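# Tertiary structure, described
Chain by chain, the residues run as shown.
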Amino acid sequence: MSSSISSRTIMFGKFNVTSQVFHVTQHSFALVNLKPLLPGHILVSPLRVLPRLSDLTKDEVADLFLTATRIQRTLKRLYKADAFNVAVQDGEAAGQSVPHVHCHIIPRTRGDPGGDDKVHEWLEGEEGNIARHQKQAEGGGDVERKAAKWVEDDERKPRSMDEMTSEARWLREELAKDEEQDSTRL
């Protein structure tokens, strides 16, 4: 069950993402992505700001992945997904650009633009550099990232705060519908 989002500040690394958050649990939160790779691309992260998956407690790991799978059910319905990319870039050498554990949840359909699995390239490349995107959205400069291997996708533009807030509100409502339906099934 999602707890109150508006009563707390939620940080993703050093970035305040409270308005992007659409689901909060005891240990985790889910947020909409500033520059999604594909429609419905969201992130799930622990509330505690920790850089590595191995830094989390057993309860935090369990909650992170239970939250991810819970949200997948709603995203599957909303985006008519056939499958998902679920990815954790665990450390800078693995492409993590924000030193805060996060799980990418990306709905996939047959024939989507990420076909032939461009998504893996995007996650590893500048397209997946979440820290740079967040810093630019907050009016800051660029965040340096070592060894970028792929050309930035100029077609993906950062979304406005209004767009992300609206999507977060919509996803919050849709999750609530699914939670209500799940609670009536016994």
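Definitions and limits used
Residues numbered from 1 in each chain as written. Predicted model: local features only at pLDDT ≥ 70, side-chain atom pairs only at ≥ 80, totals over all residues. Heavy atoms only, no water. UniProt positions renumbered as here; feature names shortened; annotations may be inferred. Core = buried A, V, L, I, M, F, W, Y, C linked by side-chain atoms within 4.5 Å. Buried < 20%, exposed > 50% of the residue type's maximum accessible area, 1.4 Å probe, protein only. Helix = DSSP H or I, 4+ residues; strand = E, 2+ residues; numbered from the N terminus. Contact = heavy atoms within 4.5 Å. Lys, Arg positive; Asp, Glu negative; His and termini not counted. Salt bridge = Lys/Arg side-chain N within 4 Å of Asp/Glu carboxyl O. Pairing = 2+ DSSP bridges. Expected span 1.5 Å × (residues − 1).

- The name given to the protein in an unreviewed UniProt entry is Bis(5'-adenosyl)-triphosphatase, with Dissoconium aciculare CBS 342.82 as the source organism.
- Quoted verbatim from the Catalytic activity (unreviewed entry) field of the UniProt record, the comment on the protein reads "P(1),P(3)-bis(5'-adenosyl) triphosphate + H2O = AMP + ADP + 2 H(+)".
- Word for word, the UniProt comment on the protein under Cofactor (unreviewed entry) is "Mn(2+)".

## What about the nonpolar core?
- Ranked by internal contacts, the top residues of the largest apolar core, which has 20 residues, are Phe22, Ile42, Val44, Ile71, Ile105 and Leu171.
- Elements represented by at least two residues in this core include exactly strand S4 (28–32), strand S5 (42–46), helix H1 (58–79), strand S7 (103–108) and helix H4 (161–184).
- Among the elements that line this core, the one with the most residues is H1, at 5 residues.
- Aside from chain neighbours lying at most four places away, what touches Val44 is Ser28, Phe29, Ala30, Leu64, Thr67, Ala68, Ile71, Val101, His102, Cys103 and Ile105.
- By size, the runner-up hydrophobic cluster in this structure holds 10 residues, among which are Ile10, Phe12, Phe15 and Phe29.

## With respect to the side chain of Arg70
- Relative to the elements of secondary structure, Arg70 occurs in helix H1.
- Put simply, Arg70 is tucked away with no salt bridge, and the nearest opposite charge, on Glu179, sits 4.2 Å away.
- Not counting chain neighbours up to four residues away, the residues in contact with Arg70 comprise Leu175, Asp178, Glu179 and Asp182.

## What about the pairing of S5?
- Counting buried positions over the 5 residues of S5 gives 5, a clear majority of the element.
- Side chains Ile42, Val44 and Pro46 of S5 all project onto a buried face; the interleaved residues Leu43 and Ser45 project onto the opposite face, where all are buried too.
- Of the strand pairs in this sheet, S4 and S5 are connected by 5 bridges, and their pairing is antiparallel. For Ser28, the partnering residue across the bridge sits in S5 and is Pro46.
- Both S5 and S7 contribute to a ladder of 3 bridges, which runs antiparallel.

## Considerations on H1
- The terminal C-alpha atoms of H1, which comprises 22 residues, lie 31 Å apart, in line with the 32 Å expected from a rise of 1.5 Å per residue.
- Along H1, the positions that sit buried rather than exposed are Glu60, Asp63, Leu64, Thr67, Ala68, Arg70, Ile71, Gln72, Thr74, Leu75 and Leu78.
- Where H1 ends, the next residue or the one after it, Lys80, has phi of about 50 degrees, a positive value.

## Quick look at the environment of Thr67
- Within the element layout of this structure, Thr67 appears in helix H1.
- Of the residues examined, Thr67 reaches a relative accessible area of 3% and is grouped as buried.
- Placed 23 residues apart in sequence, Thr67 and Val44 show a C-alpha to C-alpha distance of 7.4 Å.
- The contacts of Thr67, once residues within four sequence positions are left out, are His23, Thr25, Ser28 and Val44.

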